[in-house]
Amino acid sequence: MGKSFSDRIKRISYGGDYNPEQWPKEVWAEDMKLFREAGIDTVTLNVFSWAALQKADYEYDFSKLDEIMEYVRENGLKVILATSTAAHPAWMASAHPDILRVNYYGQKRKFGARHNSCPNSPTFLKFAPRLAGKLAERYAKYENLIAWHISNEYNSVCYCKNCEAAFRDWLKEKYGTIEEVNRAWCTSFWSHTFYDFDEIVVPNKLTEETSRFETCFQGISLDYRRFLSDSMLHECALEAAEIKKYTPDVPVTTNFMHFFKDLDYRKWADVLDFTSWDSYPFFDEDRADVSMWHDYMRSLKGGQPMLLMEQTPNVTNWQKYNFIRRPGVVRLWSWRSVAHGADGVLFFQLRRSQGAMEKMHGAVIDHVGLGTTRSFKELAVTGREFEALGDTLLGARTDASAAIIFDYDNMWASEYCCGPSRDPEYKSYRNEVMRFYKALNALNISTEVIAEEDDFDKYRLLIAPIMYMVKPGVRERIERFVENGGTFVASAFSGIVNETDLVYLGGYPGPLKKVLGIWVEEIDCLPPEEKNSFVYGGKRYEAKQYFDIISSLDPTCRPLAAYEHDFYAGKPAVTKNDFGKGFAYYVATRSSDDFYFDFLSYIAKEAGVRPVYEAVPGLEVTERHNENGRFTFFLNHNDDSLEITLPAAGRALLSGENAAKGDKVVLEPKGVFILQESAK
Amino acid sequence: MGKSFSDRIKRISYGGDYNPEQWPKEVWAEDMKLFREAGIDTVTLNVFSWAALQKADYEYDFSKLDEIMEYVRENGLKVILATSTAAHPAWMASAHPDILRVNYYGQKRKFGARHNSCPNSPTFLKFAPRLAGKLAERYAKYENLIAWHISNEYNSVCYCKNCEAAFRDWLKEKYGTIEEVNRAWCTSFWSHTFYDFDEIVVPNKLTEETSRFETCFQGISLDYRRFLSDSMLHECALEAAEIKKYTPDVPVTTNFMHFFKDLDYRKWADVLDFTSWDSYPFFDEDRADVSMWHDYMRSLKGGQPMLLMEQTPNVTNWQKYNFIRRPGVVRLWSWRSVAHGADGVLFFQLRRSQGAMEKMHGAVIDHVGLGTTRSFKELAVTGREFEALGDTLLGARTDASAAIIFDYDNMWASEYCCGPSRDPEYKSYRNEVMRFYKALNALNISTEVIAEEDDFDKYRLLIAPIMYMVKPGVRERIERFVENGGTFVASAFSGIVNETDLVYLGGYPGPLKKVLGIWVEEIDCLPPEEKNSFVYGGKRYEAKQYFDIISSLDPTCRPLAAYEHDFYAGKPAVTKNDFGKGFAYYVATRSSDDFYFDFLSYIAKEAGVRPVYEAVPGLEVTERHNENGRFTFFLNHNDDSLEITLPAAGRALLSGENAAKGDKVVLEPKGVFILQESAK
Amino acid sequence: MGKSFSDRIKRISYGGDYNPEQWPKEVWAEDMKLFREAGIDTVTLNVFSWAALQKADYEYDFSKLDEIMEYVRENGLKVILATSTAAHPAWMASAHPDILRVNYYGQKRKFGARHNSCPNSPTFLKFAPRLAGKLAERYAKYENLIAWHISNEYNSVCYCKNCEAAFRDWLKEKYGTIEEVNRAWCTSFWSHTFYDFDEIVVPNKLTEETSRFETCFQGISLDYRRFLSDSMLHECALEAAEIKKYTPDVPVTTNFMHFFKDLDYRKWADVLDFTSWDSYPFFDEDRADVSMWHDYMRSLKGGQPMLLMEQTPNVTNWQKYNFIRRPGVVRLWSWRSVAHGADGVLFFQLRRSQGAMEKMHGAVIDHVGLGTTRSFKELAVTGREFEALGDTLLGARTDASAAIIFDYDNMWASEYCCGPSRDPEYKSYRNEVMRFYKALNALNISTEVIAEEDDFDKYRLLIAPIMYMVKPGVRERIERFVENGGTFVASAFSGIVNETDLVYLGGYPGPLKKVLGIWVEEIDCLPPEEKNSFVYGGKRYEAKQYFDIISSLDPTCRPLAAYEHDFYAGKPAVTKNDFGKGFAYYVATRSSDDFYFDFLSYIAKEAGVRPVYEAVPGLEVTERHNENGRFTFFLNHNDDSLEITLPAAGRALLSGENAAKGDKVVLEPKGVFILQESAK
């Protein structure tokens, strides 16, 4: 493992994707001037240059990149160097068609677009790591090289013959024998028994699946998702290994895409030195989604500071409605990234391209080429703030005593499961996770986002929405967690299957029955217009979508709320089980935001989980700390001003003024206030 | 033809799909105990076991099935044995790719899913009947074998080279010469003249069709539907023939899927000994749909008792919202099947599978494995009721003096027709049939559901919704039917084409002009928001979708209602023609449920068609009779109690108590009451 | 170039597609009788007869067509003869598969449908022109042959190997070197640099595009659209050349489909002698759409009279809801065509076919075969009106001092552009053009519809909606136009790219900055529910979809309206620049119909553009003139009567009565009045 990203920098990084190769050199000088004005210190280079760097099988040309590397070093810029392998050259597709993917419909693609290489292509596996190695060897000497950026926004979907063969090998490695595959996948169903690994074909539209989200055979589809993620991760690791030969101390990353479904980022994080990612909220994106992305990305490397690799400085071009970020918003959002654990905030892109797909995507320097635009001037304010702070915040971490589980195996498997619903809105694992996370965020409770494999014992409160799949050892670890005083929360449709999607017999929620103290006899699922309700803490809430019917409770378990309608009126909708020194809660149905807020407010208090600040609509408050002290970030997402009361004495980090506990501070709309308390 | 199913049993069959091969033997004993508790006497075995039974081209292994057959016989269970050919083994797909289908988009599939064999594959046509024969030979000796279940839920859609060649042969057989094909398909249109059968290619997305429901050439698409249905029927018949060699007295069936569009069940019924089928209503399924399915399935074999092969005992998993059947509903629905002519009621499935596609589908024995669940206890009530009745109801038939035509050629052809609408809702043949059927059902009029080829003379009332295609001889048979005193009802868009989809010249409704006494000059079609209206019997009803403009009436014909708006205001919306001793009605537009109810109420009375009982909302009343008497089934679909007045003296079948004519009986919500009158 | 269509006729043509080859000869005589009754003088023959005419590679059979040609000549009918190449024979597809297209998904099609020939197929390019030549040679002697109809409703979409090779040649011809391709397409983006033309593959679903309307690489997709249109045009020109060898004086046409996106009709018009086209409005089609189609089609050949090749005489069959044209509508619409510049009005079809796709499509002679139907009698009225007028109107032209730009390159490129929106409604170039055209039409302002390449100097008012792409020389020509006193109007998202879709640097609207006097700093795009507003001329209008933020104005430019909300409140929404003797307006956002009406009403007056008649709801007034005088057409589209005041003295063309200026004339619903003033 290389050093962390934070160790390589002296201030919060600020800058982004830079493509001087698209421009004549007279423009470069103009860029440097504007970068200085905007407090920009970091450029990401070489993201899509494979075709320019490699012109034939063994013919490379680095002259242009050499020139750029020299130029930016001379101008005092830090460099994040991309390996350029996210899009192969046209000549390579023509000469080595194995590099082309086969799509979900079984059709061989031809050259085009990007993210276009088959993860199991011999050509790709040869030439991509080779290019990474050549770059590392060549530019190892640049001390302004602060990180490696492998490929770009990886994805991995292919169904070619090479993938089919590699999948069989992956299965042999995992299961050993074909009998074990048959058992794991329950192939006695629908006459699917295999007698030889070679009878197994890739699951897609021509075989088992009706869409990428629905399958006739969950076992093979689930394993193919795991396999594709692993395949691409293998390629990524090969690039990382080549890089490490020459620059062992320069940390490597690749930019994740928050909840991207095709890659199990939890596994990917293990081969990277630090997390970086891209944030592109939609016009109507819930604020909590973006906070969740941040917390998730930070949690992937155990809370180590991360890098926001991309956000737009003003406008996107590929969304349905590409709205301009309103005045103050980019600064607020940049600080939000820092508030959630980023030590760098970069943009796509620094200069707006003149042609092709992204020419209408915003940039720090627009087509007009001036530093006098509204957007540029705003960006410069933030850049100079970061510059002024120096290393004060670098390396700061966040204390979280609450954790929520976001587990790829669970997402994949629960969404593949046919029933109780096929409505994508009902099946959405992310939606259910967000119901709980949104409440935590509104309550200003610092939260980590973890997988089933992660350590539970660090937390006081552990929430597992749709823990459909309970992998080996998880039951024991949850029971220990609660016995030792932890608070555990699970929700409807949990405890159903094991790690290969075979149902736990003996009643739902299977291995969670003991800790939750309940037996779910039936699961009802009704259309959106069919609502039920329950009363919790004296207040009535709606129940909808899924309705677990709990028909027996352990003596230690008691109902906290009951359905009010239908034939299961009176059956518990929320339960609480006393288990060892802790409690285990079950939310047997789905409800609206107000329920999750009230419910988690109560149990967080009971569990001793302290919010960073009281809940105020539109106000987000987070905490980081390092040797320079404890930093409380107050972010006003409202369009109106807001008055806060300082919870402690310290210093207003941005103004440098002293602050006393109880002081009133007014945050302007979209305003940011950071309180620094001295290190304890 | 073998004996009827009813002859092979001693009580109403109760049970369902049973897959002990998926379970260890300790579970089998538990199953037997629970089956006895639930009054279950019948198991359907071997539905998807081809891969287990045949391991290579000529290598079979029946040991597991032998064991199961012995075990269930020892436990006193009846067996319905499936031939297991609904899903081929993976090794077979790998070794003989001709068994794989080519999909609608012209793509060769690979192994996966089920219903995956090409109907014209030499491999399939060799090995599937061979397996059926081997099973019949091996298990012929089991006297508890009450029926054969060929394949499962057949479908037939393939577009491969073998199908293309077979289609050309089918056309040669049907038309003799290429000139006759040209004439029948009207190929002078759009330069489609063929000079050789080999120029004909399958109609799909790569040739004539824009979707499976829209085509540029009706003639070829219509014939290809007929051909595919015939192809698969041919395979089914081969299996049946193999079976008959060894067990000539055991009746064969395959489970139909009520209105499944791809197979012309009317033709299929001829090669089967009795009808069986699967009933899976949706959450918002109209009650009349399900009654229609029953009446249709019963009518396919001339009213002979049938078997409900599958329904869910509590919940499905593959629907969008898989709702639990509320308390009392499964019993009510099971009795509804009997009320409409079933002598057996089976479930999919007896024990819930642990993995794959259907693991969340309900079962008699749930994952929890207990006989104490709400669902199990309810199921047992019905099972014991069936057990208690013995053979009282077996073989009972229903008298129907009303018939409605549901004709596959008409459905296929009218829906392929481009115009007057392309809105699937407007084009739906089933919807128009259901407008009339729903009224008959609400009126408690016993109804048969027949094809154009069936005998009309048995009925007093004959309804032909969208009789778009009038096949040879039909005109004459309708005219004779009405002349002899029958009442005939036709609806908009009728009398348009002959059996190869060529328009009858000389004015619509073509061959029906004479009997209906009208000429339809134009057909208007308006968007859903554009409504018209008419007054019938003093009441105003809406007119919508299609508006036939009748511009002349024969002297014997009179308008019963007229459009109130638009430029054809005053033109007839409903007409009645005196024809011989009978009447012929025409409904020139579409209306709402209340119209069909009022209209059919009137003409049924006029035609002397007597309801089984007066119409009461939510109450369904049907009749069956055999040598043990006449049975009137009162089914309360409401969520409230209902009081009925007994129309005759007799015996309450379920309680055994005597009942006098005029007695009041209260049916609880979802309640069932059966009145037995002595045989006359 | 041959003579114009108008020179070949003696009266307004009336008739349509006629397919006697589908009928026995006894029907032909009946047709002739009905044609005479209906004032029909013209038949379009041989539209889909390739399979009948050519039975093998070099085997032709014209005997049937000979007979038909003789028969219609004997009966005094004019003939428009089609070349029959819009659908190839089945045998040809079987023998020469290169004639089959490869679809957008990369799949080779098989025989079926129509418009099925690859534009770059050697077989097609050999046999189609050959057939056209044979027909011309054979029927040259028929003096009743008034025009050639090449193919039918051309389209051109193919992605086969032959197209790929031809595309590379087309690119070599256009760009010369691969370096120039790289520059033009901006291939340094996303690693797309090509080193050889052979690396270029067709852009489709398997390469660059996500749908036919969205692409990852605008440059290649834009050029491929141009290439496909050019390819098919090349084939059309080959047919025309063969025809000209034998009948140099008979004008050639092909029927266009108004706004059909795949063919650049502006280029196509150059190889045709006159314009003809098909008009099939939907139930809810805006009246202005149809007027626009007419004006566009007329403008394609510089205002020369055109031919309405197809409309339905009563009903279509392929639309979702095929409504009957209400009484009076077909007459009104036929006159509308004449009013907008047609010298002929034809129908699809004269006799309704008995089978296949279009059997439910209306015809002059219906399936009933009578001349007594409502529809036939109405059609005959119009036919006799045309007959009675003789050559009075032939050759008449329309004066237009207003022009609106509808430019295919702009439509293609602006809709391919990713951003500011991906909502098809927002991106629609046609919708934006129609916002302005609809106002011009409501104002009864005669308008031509031109491309960027056309002469601007003829007009006083030039409107350029979404002038996204400014091709070479356009800037200079617009500036000259305005300097000389013209009024120019542009709208949001203009002046963005050059002819290969590369952005003009230095600020939007690029080359239009000078003439418009503005700089657009940012473009906001908001969802439909997010509205803004502005006040113009004392009235408030909505602003929606796109919001150009103009942040500086030249001293000569002034805002006419400003946004009222959001952070750009106060920024101009409409501007006016004084430039030389003229004015240049910019509409920076999108608004509702009332704004465009009020705005264009004002600036048309200012520009000295005189309406033909004052604006009256539902009344359309147009003008044509020739040596017989000036004709003003008053068309009442309302369902109520309308009184007009004659603007000049003259003659009521249809009644022959004299009319004085100021006379009041009542137009019945759907009524037509034509005022003839003597030639000046």
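Everything numeric here is computed off the predicted structure, so don't read it as measured data.

Q: Please clarify how the relation of the copies chain C and chain A should be interpreted in this entry.
A: Related by rotation about an axis and a shift along that axis, the two copies of the chain form a pair. The two copies are related by a screw operation: chain C maps onto chain A through 120° of rotation and 0.0 Å of translation along the axis, at an RMSD of 0.1 Å. The operation mapping one copy onto its partner corresponds to a three-fold rotation axis. Measuring from the rotation axis to each C-alpha of chain C, the shortest distance belongs to Q107 of chain C, at 5.3 Å. An overlap of only 2% is found between the interface residues of chain C and their copies at the interface of chain A, pointing to separate contact surfaces.

Q: Can you walk me through the interface of chain A and chain B in this structure?
A: One frequently used descriptor of interface size is the decrease in accessible area upon assembly of the parts. Counting from both sides, the interface comprises 57 residues of chain A and, opposite them, 49 residues of chain B. Regarding the contact of chain A and chain B, the summed buried area is about 4,600 Å², with carbon and sulfur atoms giving 60% of it. The largest per-residue losses of area from chain A upon contact with chain B belong to W190, S191 and L206 of chain A, which jointly make up 16% of the total buried on that side. Inspection of the chain A/chain B interface yields 5 salt bridges. Of the charged contacts, one joins E164 of chain A and K110 of chain B as a salt bridge, the two residues approaching to 2.8 Å between their closest N and O atoms. Put simply, the parts of the chain that give the side of chain A that touches chain B at least two residues each are α6 (161-175) and β18 (518-525) of chain A. Partitioned by chemical class, the residues of the side of chain A that touches chain B number 32 nonpolar, 12 polar and 13 charged.

Q: Mind showing me how you'd approach helix α11 (residues 329-339) of chain C here?
A: Counting along an α-helix, one turn takes 3.6 residues, and residues three or four places apart therefore face a common direction. Residues and elements named next belong to chain C. With 11 of 11 residues buried, α11 lies mostly within the body of the structure. Within the span of α11, buried status applies to V329, V330, R331, L332, W333, S334, W335, R336, S337, V338 and A339. Positive phi appears at G341, one or two residues downstream of α11, with a value of about 120°.

Q: What exactly am I supposed to notice about the sheet that holds strand β29 (residues 658-659) of chain C here?
A: Strand pairing within a sheet occurs via backbone hydrogen bonds; the two strands may be parallel or antiparallel. Residue and element names in this part refer to chain C. Strands sit in the order β25-β26-β31-β28-β29 across an open sheet of 5 strands; the sheet is antiparallel. At either end of the open sheet lies a strand with only one pairing partner, and these are β25 (619-626) and β29. Summarising the sheet, strand β26 (residues 629-636) and strand β31 (residues 672-677) pair through 6 bridges and their orientation is antiparallel. Note on β31: the bridge partner recorded for L635 is V672. Together, β25, β26 and β31 form the strand contacts of α11, whose direction differs from that of β26 by roughly 145°.

Q: Just to check I follow, could you spell out the interface of chain C and chain A for this structure?
A: Facing 57 residues of chain C, the contacting portion of chain A comprises 49 residues. Contact between chain C and chain A buries roughly 4,600 Å² in total, counting both sides, with carbon and sulfur atoms accounting for 60%. Of all residues in chain C, the largest losses of buried area upon contact with chain A belong to W190, S191 and L206 of chain C, amounting jointly to 16% of the total for that side. Applying the counting rule to chain C against chain A returns 5 salt bridges. The tally of links between chain C and chain A comes to 29 residue pairs in polar contact (both at pLDDT 80 or more). Only α6 (161-175) and β18 (518-525) of chain C provide two or more residues apiece to the side of chain C that touches chain A. Looking at the side of chain C that touches chain A, the element that brings in the most residues is β18 of chain C, giving 6 residues. Looking at the side of chain C that touches chain A, its residues break down into 32 nonpolar, 12 polar and 13 charged.

Q: What exactly am I supposed to notice about the pattern of salt bridges here?
A: All names here are of chain B. What the rule picks out here adds up to 174 salt bridges over all chains. A salt bridge links K33 to E30, with the nearest nitrogen and oxygen atoms 3.7 Å apart. With K33 and E30 both in helix α1 (residues 25-37) and 3 residues apart, the pair spans about one turn of that helix. For K33, a relative accessible area of 39% translates into the label partly exposed.

Q: Even after reading the chapter, I still don't get the relation of the copies chain A and chain B, so can you show me in this structure?
A: Expressed as a screw transformation, the operator carrying chain A onto chain B has a rotation angle of 120° and an axial translation of 0.1 Å, and the superposed copies differ by an RMSD of 0.1 Å. Of the residues that chain A buries at the interface, just 2% are likewise interface residues in chain B, meaning the two copies contact each other through different surfaces.

Q: For this particular structure, what's the right way to read unusual backbone geometry?
A: As a rule of thumb, non-glycine residues mostly have phi less than zero, and peptide bonds are mostly trans rather than cis. Of note, the bond from G419 of chain A into P420 of chain A is cis; its omega dihedral lies within 30 degrees of zero at 0°. Put simply, Y508 of chain C and P509 of chain C share a cis peptide bond, and its omega is -5°. Looking at the element boundaries, P509 of chain C is found in the loop between β17 (487-491) and α17 (513-516). Look at N46 of chain B: it is not a glycine, yet its phi comes out positive at around 70°. Checked against the element boundaries, N46 of chain B lands in the loop between β2 (42-45) and α2 (50-53). Using a relative accessible area of 3% as the deciding quantity, one classes N46 of chain B as buried. Phi at N444 of chain C takes a positive value of approximately 55°, unusual for a residue other than glycine. You can see N444 of chain C is positioned in the loop between α15 (429-442) and β15 (447-450). Residue N444 of chain C is classed as buried on the basis of its relative accessible area, which comes to 2%.

Scoring rules and cut-offs
Residues numbered from 1 in each chain as written. Chains lettered and ligands numbered in written order. Predicted model: local features only at pLDDT ≥ 70, side-chain atom pairs only at ≥ 80, totals over all residues. Heavy atoms only, no water. Least-squares fit on C-alpha atoms with pLDDT ≥ 70 in both. Contact = heavy atoms within 4.5 Å. Buried area = accessible area lost by both parts, 1.4 Å probe. Salt bridge = Lys/Arg side-chain N within 4 Å of Asp/Glu carboxyl O. Helix = DSSP H or I, 4+ residues; strand = E, 2+ residues; numbered from the N terminus. Nonpolar A, V, L, I, M, F, W, Y, C, P; charged D, E, K, R; others polar. Buried < 20%, exposed > 50% of the residue type's maximum accessible area, 1.4 Å probe, protein only. Pairing = 2+ DSSP bridges. Axes fitted to C-alpha atoms, helices over the stretch in contact; angles between N-to-C directions. Polar contact = N/O pair within 3.5 Å; in protein donor to acceptor, adjacent residues only side chain to side chain.

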